[in-house]
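# Understanding the architecture of this molecule
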Amino acid sequence: MTYETTRRTVLLATGATGAAALVAACGGGGDNGSASTGSPTGEGATSGPAGQVLANIDEIPVGGGKIFKDEEVVVTQPEQGRFEAFSAICTHQRCTVGSVSGGTINCPCHGSRFQIADGAVTQGPATRPLPAEQITVEGNAIRLA
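This report concerns the structure included in the present document. (Residues numbered from 1 in each chain as written. Predicted model: local features only at pLDDT ≥ 70, side-chain atom pairs only at ≥ 80, totals over all residues. Heavy atoms only, no water.)

Another point: the overall build of the protein chain. A tally of helices and strands in the protein chain yields 1 helix and 10 strands. Starting at the N terminus and ending at the C terminus, the protein chain contains elements arranged as α-β-β-β-β-β-β-β-β-β-β. Across the 145 residues that make up the protein chain, the buried fraction comes to 31%. When contacts within the protein chain are restricted to residue pairs at least 6 apart in sequence, long-range pairs at least 24 apart make up 47% of them. For the protein chain, the computed accessible surface area is about 8,400 Å², with 53% contributed by carbon and sulfur atoms. (Helix = DSSP H or I, 4+ residues; strand = E, 2+ residues; numbered from the N terminus. Buried < 20%, exposed > 50% of the residue type's maximum accessible area, 1.4 Å probe, protein only. Contact = heavy atoms within 4.5 Å. Areas by Shrake-Rupley, 256 points an atom, 1.4 Å probe, with all protein chains shown as cover.)

The structure is reproduced here in structure tokens:
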């Protein structure tokens, strides 16, 4: 028995393959407790070179922080003279966090909020904290470690 490939068969097969790829790309991806795919350099890894100066200490407000989108890092100062750094990529669906205010790091995509002191979730849908990043403070400079 022979089968003839028709234009309709090719279009249907192509459409089904495209739809499956779209569903795979958009579906899931939520924070369901499974391992994250992480960034190309690994989850929580920064894209900036080690030793790179991110900011001067006076650029990070006490009780607040600053987001460094290119480096995918957020630096906070929960109390005077104490600096912390976390991945700026939300653990829910990998959006870049959008602001630091009211003692939290805030994701604009779905409303997750994280504590500036330790990256812990204060409001979901994220269920995992922001991974800590390594920084050093030398004089007035805050650097990636």
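Once the structure has been displayed, the description carries forward.
Sheet architecture is open: 4 strands sit in the order β5-β6-β7-β8, paired in antiparallel fashion. Since the sheet does not close on itself, it has two edges, and those belong to β5 (99-101) and β8 (121-123), each with one partner. Across the sheet, the mean angle from the axis of one strand to that of its neighbour is 35°, orientation sign disregarded. Of the pairings in the sheet, the one linking strand β6 (residues 104-106) to strand β7 (residues 113-115) comprises 3 bridges and is antiparallel in character. (Pairing = 2+ DSSP bridges. Axes fitted to C-alpha atoms, helices over the stretch in contact; angles between N-to-C directions.)

One can find Asn106 in strand β6. On a C-alpha basis, the gap between Asn106 and Cys90 in space is 8.8 Å, while along the polypeptide they are 16 residues apart. Asn106 has contacts with Val97, Gly98, Ser99, Val100, Ser101, Ser112 and Arg113, leaving out every residue within four places of it along the chain. Within the local environment of Asn106, its side chain forms a polar contact with the side chain of Thr104, the two groups lying 2.6 Å apart. (Polar contact = N/O pair within 3.5 Å; in protein donor to acceptor, adjacent residues only side chain to side chain.)

Our focus in this paragraph is the state of the cysteines. Per the counting criterion, the structure on display carries 1 disulfide. Shown here is the disulfide that connects Cys95 with Cys109, its sulfur atoms set 2.1 Å apart. On the sign convention where negative is left-handed, the bridge of Cys95 and Cys109, at about -110° about the S-S bond, is left-handed. You can see Cys95 sitting in the loop between β4 (82-87) and β5 and its partner Cys109 sitting in the loop between β6 and β7, a full 14 residues away along the chain. Overall, Cys109 belongs to the partly exposed group, its relative accessible area being 37%. Cysteine Cys90 is unpaired, with the sulfur of Cys107 as its nearest cysteine sulfur at 3.9 Å. Assessed through its relative accessible area of 3%, Cys90 is described here as buried. Among the residues examined, Cys107 registers a relative accessible area of 8% and is labelled buried. (Disulfide = S-S within 2.5 Å.)

The subject of this paragraph is the pairing of strand β9 (residues 135-138). Regular strands have side chains that alternate between both faces of the sheet. For β9 and strand β10 (residues 141-144), the ladder comprises 4 bridges, and the chain directions are antiparallel. What sits directly across from Val137, in β10, is Ile142. Hairpin connection of β9 to β10: 2 residues between the antiparallel strands, including Gly139 at a positive phi of 65°.

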